[in-house]
Amino acid sequence: MGRIWIRGGRLLDPASGCDEVGDLLVEDGRIVAVGAGLEAGDGDVIDAKGRWVAPGFVDLHVHLREPGEEYKEDIASGGRAGVAGGFTALVCMANTHPINDDPSVTEYILDRARQESPARVYPVAAATRGLAGEVMTEMVALFEAGVVAFSDDGKTIMDSNVMRRVLEYSGLVRVPIITHAEDRTLVCDGVVNEGAVSTRLGLPGNPAVAEVVHVARDLLLAELSGAHLHVAHVSTAGAVALIRAARERGVHVTAEVTPHHLTLLDEAALGYDTNTKMAPPLRGSSDVEACRAGIADGTIDAIATDHAPHAVHEKDVEFTAAPPGVIGLETAVPVTLDLVRQEQLSPLEWVRRLSTNPTRIIGRPGGSLAVGAAADLVLIDPDRHWIYDPAKGYSKSRNSPWAGREMIGRATVTIVGGRLVYDVDRGVLVP
Ligand code: DOR
């Protein structure tokens, strides 16, 4: 595998608090030396002047669509999109076909990932069979097959007793339950945020309270069980406040927010562009501000994309008929650097939300530049200007709300396990 010298970059290591210009040496898949003015020797040299050097980003929320919907994405294309976006590991959701509610599906995903994906892949299993919200999956067997969490993401577990039980059982294997918190009885057939925008569009609204009610219930059940609850795609001020209060009283809760919920308003849907339709929907400015404050003060631990590929023929229909979801792996870096530019996050805290915290949530190694750590690394050019064209990206799908937009900031090099897998000028290099 050899050696890689990364020279003269701004080393950002949230695990140690290091934010200094220096060099880093990778050998046989591990970080073997970090410091200023390391003596150069044999091996490849990467000039990191003007770049940030960070532990690889870990996306807690990705829909890879394999098995079953490979026309939207597969493990290979999703893995390539991931490393092109600076992610060295992807946590993939269970709403595939067949659903990942059986160890054979988990094993299939892991096997395909080993062969096809330049990024590490960590599967999430369904919490209930068929994502039906009724009967628990065989959680211990799924854990033994290698899943890092359980979630019915895309669907909500409406039955409170089922939610209580899955939390209790997940506690036995010490992995989180990731909740998709939308009370279906309040969402009804809502497709955009309930408010002025839904009224103007003449579309059914999905109210913020649908999320808040559900987060409140799940926090109470997490408190009762002592289990680890992870709240997916937080989008409302009410949910941020509830999570903050629960954390203060000792509930084991973590949370994520997406780049789109941090930067886009419900008004983005006024043109009926179905690439602004997702679940939960884009919200109003007070909710967006609360999410930004929540990620800034650490109430929300992680930024996760909810990368949800859908084909053009599925999205190019009436707003009500289109499936919810947007792709996000290749745009997360520039989109969320907006918070750094607005001084809501320091570069070090931004890396913590994309790397150190997500690895801690799933209990996997990573998120650090310590000597001895696996060499999962990303180099960021925070000032690089580029135009995002999904057709030129690595995802098979194009359903992005940022298509054609000017982006500032980009992952320029990605290294997984000591292997250079992506270079912005040469593209994805393996497998
Ligand atoms: O917008 C979404 N799309 N939200 C989800 O929870 C599911 C996802 C998908 O699978 O397309």
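Just above, that's the structure.
Q: Now, about the site of the ligand: what can you tell me, with residues and values included?
A: Close contacts around the ligand come from 14 residues, with R65, N95, H180, A279 and H310 the closest. At a separation of 3.4 Å, an oxygen atom of the ligand approaches a polar side-chain atom of H63. One of the backbone nitrogen or oxygen atoms of G325 is found 3.2 Å away from an oxygen atom of the ligand. Expressed as a share of its isolated accessible area of 290 Å², the protein-covered part of the ligand is 94%.

Q: Give me a nonpolar patch on the surface: which residues, what numbers.
A: Among the surface-exposed residues, L186, V209 and V213 lie close enough to one another that they form a single nonpolar patch of about 200 Å² accessible area. Here L186 is to be found in helix α5 (residues 184–187).

Q: Can you explain the sheet that holds strand β8 (residues 120–125)? Please cite residues and give values.
A: Sheet architecture is open: eight strands sit in the order β6-β7-β8-β9-β10-β13-β14-β15, paired in parallel fashion. Each of the sheet's edge strands pairs with one partner strand only, and the pair in question is β6 (57–62) and β15 (302–303). Alignment of strand β14 (residues 253–257) against β15, held across two bridges, turns out to be parallel. Of the residues in β15, the one forming a bridge with V257 is I303. Where helix α13 (residues 347–362) meets the sheet, it contacts β6, β7 (87–92), β8, β13 (229–231), β14 and β15, and its direction lies at approximately 65 degrees from that of β6.

Q: Which residues make up the packing of aromatic side chains, and what values go with them?
A: Within this structure, the stated rule accounts for four aromatic pairs. Consider the rings of F57 and F87, whose centres lie 6.2 Å apart with planes at 65 degrees: the pair is edge-to-face. Note that F57 is positioned in strand β6 and F87 in strand β7, a separation of 30 residues in sequence. On the basis of relative accessibility, which here comes to 0%, the residue F87 falls in the buried class. Geometrically, the ring pair formed by F57 and W350 is edge-to-face, given 5.4 Å between the ring centres and 85 degrees between the ring planes. With a gap of 293 residues between them, F57 in strand β6 and W350 in helix α13 connect regions that are remote in the sequence. In this structure W350 comes out as buried when scored by relative accessible area, which is 0%. Over the face of the ring belonging to W386 we find R410, whose NZ or CZ atom lies 3.8 Å from the ring centre.

Q: Describe in detail unusual backbone geometry, supporting the description with residues and values.
A: The phi torsion of most residues other than glycine is negative, and most of the peptide bonds are trans. The step from E66 to P67 runs through a cis peptide bond, and the omega angle for that step is 10 degrees. With respect to the helices and strands, the residue P67 is situated in the loop between β6 and α1 (75–84). Here D28, not a glycine, exhibits a phi torsion of approximately 50 degrees, which is positive. Locating D28 in the fold gives a position in the loop between β2 (18–27) and β3 (30–35). When its relative accessible area of 55% is taken as the criterion, D28 is described as exposed. Look at R174: it is not a glycine, yet its phi comes out positive at around 55 degrees. One can find R174 in the loop between α4 (160–173) and β10 (177–179).

Q: Please provide a residue-by-residue account of the pairing of β2, values included.
A: Pairing of strand β1 (residues 3–13) with β2 involves nine bridges; the strand directions are antiparallel. Looking at the pairing, I6 lines up with L24 of β2. Linking β1 back to β2 in an antiparallel pair, the connection comprises four residues, with G17 at a positive phi of about 85 degrees. Linking β2 to β3, which pair antiparallel, is a turn of two residues; within it D28 sits at a positive phi near 50 degrees.

Q: Mind laying out the packing of helix α12 (residues 332–341) against α13, listing which residues take part and the relevant values?
A: Between α12 and α13, the shortest axis-to-axis distance is 10 Å and the interhelical angle comes to 135 degrees. In terms of their interaxial angle, α12 and α13 are classed as oblique. Seen along the crossing, α12 lies across α13 with a hand that is right-handed. Side by side, α12 and α13 meet where V333, T336, L337 and V340 of the first sit next to P347, W350 and L354 of the second. Looking at the contact of α12 with α13 residue by residue, the class counts come to six nonpolar, one polar and no charged.

Q: Now, about the environment of L201: what can you tell me, with residues and values included?
A: Within the fold, L201 resides in helix α6 (residues 196–201). Along the sequence, L201 and Y272 sit 71 residues apart, while their C-alpha atoms lie 7.8 Å from each other. Discounting chain neighbours no more than four positions away, the residues touching L201 are V192, A269, L270 and Y272.

Q: Can you lay out the environment of V212 for me, pointing to particular residues and giving the numbers?
A: Tracing the backbone shows V212 in helix α7 (residues 208–225). Exposure remark for V212: the relative accessible area of 21% places this residue in the partly exposed category. Sequence separation between V212 and T156 is 56 residues, and the spatial gap between their C-alpha atoms is 13 Å. What V212 contacts, discounting residues up to four positions off in sequence, is T236, G238, A239 and L242.

Q: So, the pattern of salt bridges: which residues are in play, and what are the values?
A: In total, this model carries 23 salt bridges according to the counting rule given. In this structure, D19 engages R10 in a salt bridge whose closest nitrogen and oxygen atoms are separated by 2.8 Å. D19 gets classed as partly exposed once you look at its relative accessible area, which sits at 33%. Taking relative accessible area as the criterion, R10 reaches 28% and is therefore assigned partly exposed.

Q: Explain helix α8 (residues 237–248) to me, and be specific about the residues and the numbers.
A: For an α-helix, the turn length of 3.6 residues means that residues three or four places apart are oriented alike. With twelve residues, α8 extends 17 Å from end C-alpha to end C-alpha; this agrees with the ideal 16 Å at 1.5 Å per step. Within α8, burial applies to A239, V240, I243 and A246. Relative to the axis of α8, the buried residues are bounded by an arc of 135 degrees and lie together on one face. Among the structural elements, α7, β13, β14 and α10 (285–297) are those in contact with the buried residues of α8. Among the residues trailing α8, G250 stands out with phi positive, at a value near 95 degrees.

Rules used throughout
- Residues numbered from 1 in each chain as written.
- Predicted model: local features only at pLDDT ≥ 70, side-chain atom pairs only at ≥ 80, totals over all residues.
- Heavy atoms only, no water.
- Near = heavy atom within 4 Å.
- Polar contact = N/O pair within 3.5 Å; in protein donor to acceptor, adjacent residues only side chain to side chain.
- Areas by Shrake-Rupley, 256 points an atom, 1.4 Å probe, with all protein chains shown as cover.
- Patch = residues over 30% accessible without salt bridge, like charges linked within 9 Å, V, L, I, M, F, W, Y side chains within 5 Å.
- Salt bridge = Lys/Arg side-chain N within 4 Å of Asp/Glu carboxyl O.
- Helix = DSSP H or I, 4+ residues; strand = E, 2+ residues; numbered from the N terminus.
- Pairing = 2+ DSSP bridges.
- Contact = heavy atoms within 4.5 Å.
- Axes fitted to C-alpha atoms, helices over the stretch in contact; angles between N-to-C directions.
- Phe/Tyr/Trp six-rings, centres within 6.5 Å; stacked < 30°, edge-to-face > 60°.
- Buried < 20%, exposed > 50% of the residue type's maximum accessible area, 1.4 Å probe, protein only.
- Lys NZ or Arg CZ within 6 Å of the ring centre and 35° of its normal.
- Parallel < 35°, antiparallel > 145°, perpendicular 65-115°, else oblique.
- Left-handed = near helix turned anticlockwise from the far one by under 90°.
- Nonpolar A, V, L, I, M, F, W, Y, C, P; charged D, E, K, R; others polar.
- Expected span 1.5 Å × (residues − 1).
- Arc of directions from axis to C-beta.

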